[in-house]
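Analysis of the macromolecular model
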Amino acid sequence: MTASGSRNLLAPAQAGLHSKAYESQCAAEENRHTATSGRGRGLTLFALTLGTFAIGTGEFGSNGIIQLFASDMGASIPVATYAISAYAFGVMIGSPAITLLAARANRRTLLLGLIALFLVGNVLSALAPTIATLVVFRFITGSVQGAFFGAGAVVAAYVYGPGKGGKAFATVMGGLTVATIIGSPLGTFVGQHFGWRTTYWTVVGVGLLAGAALLAWLPRTDDLRGSSVARELGALRRLNVWLMVAVAALGISSIFAVYTFIGPFVTDAARERPSLIPVALAVFGLGMAVGNYYGGRAADRHGSRPLIYGFSYVLVVLVAIGLAGSNILILLPALFGVGASMMFAIPTIQVRLTGFAPDAPTLMGALNLAALNLANSLGAIGGAVTLGVGWGTLSTVWAGFALTTAGLILYLTTVGRSRSAVTSA
């Protein structure tokens, strides 16, 4: 989330990995150091982060107003959750499709088009007359997210220069983590006091600011041109790409097996007042922000270790919640730990994906976000299963424990043993 460069020493093979992954983008930075240095680089990164903040606020803010639009539209809560699920499916299905269709587009052009579609989706959401139309409009809005993050990571890598792909992706993810701390609570507050439609109008306002910033500060250069559809599709024929997507979907699920149920953790398990729920959400979000900041730097320095450490540490924290989460003094630090450890691992997932498909970095970014949204569904479903069989409020963490363990084992036994991401350089 910072524009300052990291003072790290990269192994030659690792630096080669990212030079190859973003070859056309980083070549110009190496040859024209003043093109994206200093204030210009900071403004570009700010514009990208503001864009992901707007997207994250719209995504997470919807969770806080679900009861409001359900009541207004005469829908039950289970039916209203289709609008949330539709957004996730938009990310999983729509984002890779948009990335492929816009493969040849300059990343600047693509990002401006995506923020425009994001604005349209939220305007339509604010005007939706029925729950069915809201479901459709949230799908349209969700289709933007993965493609925006993928293209944004490419632009961030361009302004940072070679060897900093993890830091670049963490910078783009930074807006999303800030949205969990500020944007989502603010969107919920606005919806509660001025109506749920005002939440989406607020998101539109932030999106307009992001669009103006992107228009003004994204680099205008042919170095950010896209590639052919065939080249992007070629990446989908690589087994390691799909294994890495599966690792992400399984491993990151625990973050959602916790985040989805923070409210019941606080009120039912810890028996605290509901007013403490926003505090718990903010603590979780702060953990995500810290983990994302350090995870981006670690991804560029330490290969696969941040992913292994992140997954392993979260397993310990999940056990702590499962055994002692009814104590609020244990629950709150543990929530911070879950957010921090998972976000510490996510930039490494992006670096590994890009290493397996260096010719399709934008598509890999979209697939990473698609995997995270699949993780969202798996974590929520797993938690719902444990609750449904009567294992108690805190039992959702054991579903997350099982899913993350499966992801870690899959990684260690398959792609974690592969050296292709390094030797290909």
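The structure presented is a predicted model; accordingly, all values stated were derived computationally and were not measured. (Residues numbered from 1 in each chain as written. Predicted model: local features only at pLDDT ≥ 70, side-chain atom pairs only at ≥ 80, totals over all residues. Heavy atoms only, no water.)

**Observations regarding the confidence of the model for the protein**
The line we're drawing: Every residue is assigned a pLDDT by the predictor, reflecting its confidence on a scale from 0 to 100. By definition, residues are in contact when any of their heavy atoms lie within 4.5 Å.
On average, residues of the protein score 82 in pLDDT, and 86% of them are at 70 or above. Counting interchain partners and residues more than four positions distant, the pLDDT-below-50 stretch residues 419–425 has 14 contacts.

**Observations regarding a nonpolar patch on the surface**
The criterion, for reference: Only residues whose relative accessible area exceeds 30% and that form no salt bridge enter a patch; like-charged residues are grouped when within 9 Å of one another, and nonpolar side chains (Val, Leu, Ile, Met, Phe, Trp, Tyr) when within 5 Å. All accessible areas in this document rest on Shrake-Rupley with a 1.4 Å probe, and a residue is counted as covered only by the protein chains that are shown. Think of a salt bridge as a Lys or Arg side-chain nitrogen and an Asp or Glu carboxyl oxygen that are within 4 Å of each other. Runs of E in the DSSP output that reach at least two residues are strands. Runs of H or I that reach at least four are helices, and both are numbered from the N terminus.
There is a patch of nonpolar side chains on the surface, built from Ile182, Leu186, Phe189 and Phe194 and spanning about 430 Å² of accessible area. Inspection of the secondary structure assignment puts phenylalanine 189 in helix α9 (residues 165–194).

**Notes on helix α12 (residues 239–251)**
Which entries qualify depends on this criterion: Here, expected helix span is obtained from the residue count minus one, scaled by 1.5 Å. Only protein chains enter the accessibility calculation, which uses a 1.4 Å probe; a residue is then buried when its area is under 20% of its type maximum, exposed when over 50%, and partly exposed in between.
Between its first and last C-alpha atoms α12 spans 18 Å; for 13 residues at 1.5 Å apiece the expected length is 18 Å, and the two agree. Listed in full, the buried residues belonging to α12 are Val241, Leu243, Met244, Val245, Val247, Ala248, Ala249 and Gly251.

**Focus: the side chain of threonine 52**
Our working rule: In protein, a polar contact means a hydrogen-donor-capable atom and an acceptor-capable atom, both N or O and within 3.5 Å, with residues adjacent in sequence counting only if both atoms are side-chain atoms; elsewhere, any N or O pair within 3.5 Å suffices.
With respect to the element layout, threonine 52 can be found in helix α3 (residues 38–64). Only 2.9 Å separates the side chain of threonine 52 from the backbone oxygen of valine 172, close enough to count as a polar contact. Filtering out sequence-adjacent residues up to four positions away, threonine 52 remains in contact with Phe148, Phe149, Val172, Gly175 and Leu176.

**Details of the packing of aromatic side chains**
What counts is decided by this rule: Pairing of aromatic side chains here covers Phe, Tyr and the six-membered ring of Trp, requires ring centres within 6.5 Å, and sorts the geometry by plane angle: under 30 degrees stacked, over 60 edge-to-face, intermediate tilted. Only when the NZ atom of a Lys or the CZ atom of an Arg is both within 6 Å of the ring centre and within 35 degrees of the ring normal do we say a charge sits over the ring.
Across all of its chains, the model carries 7 aromatic pairs by this definition. Judged by centre distance (5.2 Å) and plane angle (55°), the rings of tyrosine 259 and phenylalanine 284 are tilted. Residue tyrosine 259 is found in helix α13 (residues 253–259), and its partner phenylalanine 284 is found in helix α15 (residues 277–301); the two are separated by 25 residues along the sequence. The exposure class of tyrosine 259 is buried, given its relative accessible area of 15%. One aromatic cluster is present, built from ring pairs that chain together Phe60, Tyr259 and Phe284. Stacked on the ring of tyrosine 293, the Lys or Arg arginine 297 has its end atom at 4.0 Å from the ring centre.

**Quick look at the nonpolar core**
How we decide: By nonpolar core is meant a set of buried Ala, Val, Leu, Ile, Met, Phe, Trp, Tyr and Cys residues that side-chain atoms within 4.5 Å join together.
Core analysis: the biggest nonpolar cluster contains 99 residues, and Met244, Ile252, Phe284, Phe311, Ile321 and Val338 have the highest contact counts within it. Sequence-distant contacts of isoleucine 321, that is, excluding residues within four places in its chain, are made with Phe265, Leu331, Ala334, Leu335, Val338, Leu394 and Val397. The next biggest cluster of nonpolar side chains, apart from the first, holds 15 residues, and it includes Ala75, Ala128, Ile131 and Leu134.

**Looking at unusual backbone geometry**
Phi at arginine 271 is positive, roughly 55°, even though this residue is not glycine. The residue arginine 271 is located in the loop between α14 (262–269) and α15 in this model. Classification of arginine 271 as exposed rests on a relative accessible area of 71%.

**A short note on the environment of arginine 197**
Structurally, arginine 197 can be placed in helix α10 (residues 196–217). Residue arginine 197 is classed as partly exposed on the basis of its relative accessible area of 27%. The sequence separation of arginine 197 and leucine 68 amounts to 129 residues, and the corresponding C-alpha distance is 9.4 Å.

**Digging into the side chain of threonine 404**
Structurally, the position occupied by threonine 404 is in helix α19 (residues 396–413). When its relative accessible area of 0% is taken as the criterion, threonine 404 is described as buried. A polar contact is formed between the side chain of threonine 404 and the backbone oxygen of glycine 251, at a distance of 2.8 Å. Within the local environment of threonine 404, its side chain forms a polar contact with the side chain of serine 254, the two groups lying 2.8 Å apart. Setting aside residues no more than four positions away along its own chain, threonine 404 makes contact with Leu250, Gly251, Ser254, Phe311, Val314 and Leu315.

**Some words on the packing of helix α16 (residues 305–324) against α19**
Counted only if it meets this: In this analysis, axes come from line fits to C-alpha atoms, helices being fitted only over the stretch in contact, and the angle between any two N-to-C directions falls in the range 0 to 180 degrees. With respect to orientation, any angle under 35 degrees is reported as roughly parallel, any angle over 145 as roughly antiparallel, any angle of 65 to 115 as roughly perpendicular, and every other angle as oblique. Left-handed describes a crossing whose near helix is turned anticlockwise from the far helix through less than a right angle; right-handed describes the clockwise counterpart. Ten residue types, Ala, Val, Leu, Ile, Met, Phe, Trp, Tyr, Cys and Pro, are classed as nonpolar, four, Asp, Glu, Lys and Arg, as charged, and the remainder, Gly among them, as polar.
Two elements in contact, α16 and α19, have axes separated by 9 Å at closest approach and are oriented at 160°. Considered as vectors, α16 and α19 are oriented roughly antiparallel to each other. Of the two elements, α16 crosses α19, and the hand of that crossing is left-handed. Within the contact between the two elements, α16 uses Leu307, Ile308, Phe311, Ser312, Val314, Leu315, Leu318, Val319, Ile321, Gly322 and Leu323 and α19 uses Val397, Trp398, Gly400, Phe401, Thr404, Thr405, Gly407, Leu408, Tyr411 and Leu412. Its residues placed into classes, the contact of α16 with α19 shows 15 nonpolar, 6 polar and no charged.

**Observations concerning the packing of α15 against helix α17 (residues 328–356)**
Between α15 and α17, the shortest axis-to-axis distance is 6 Å and the interhelical angle comes to 30°. In the packing of α15 onto α17, the handedness of the crossing is right-handed. Considered class by class, the residues forming the contact of α15 with α17 number 18 nonpolar, 7 polar and 1 charged.

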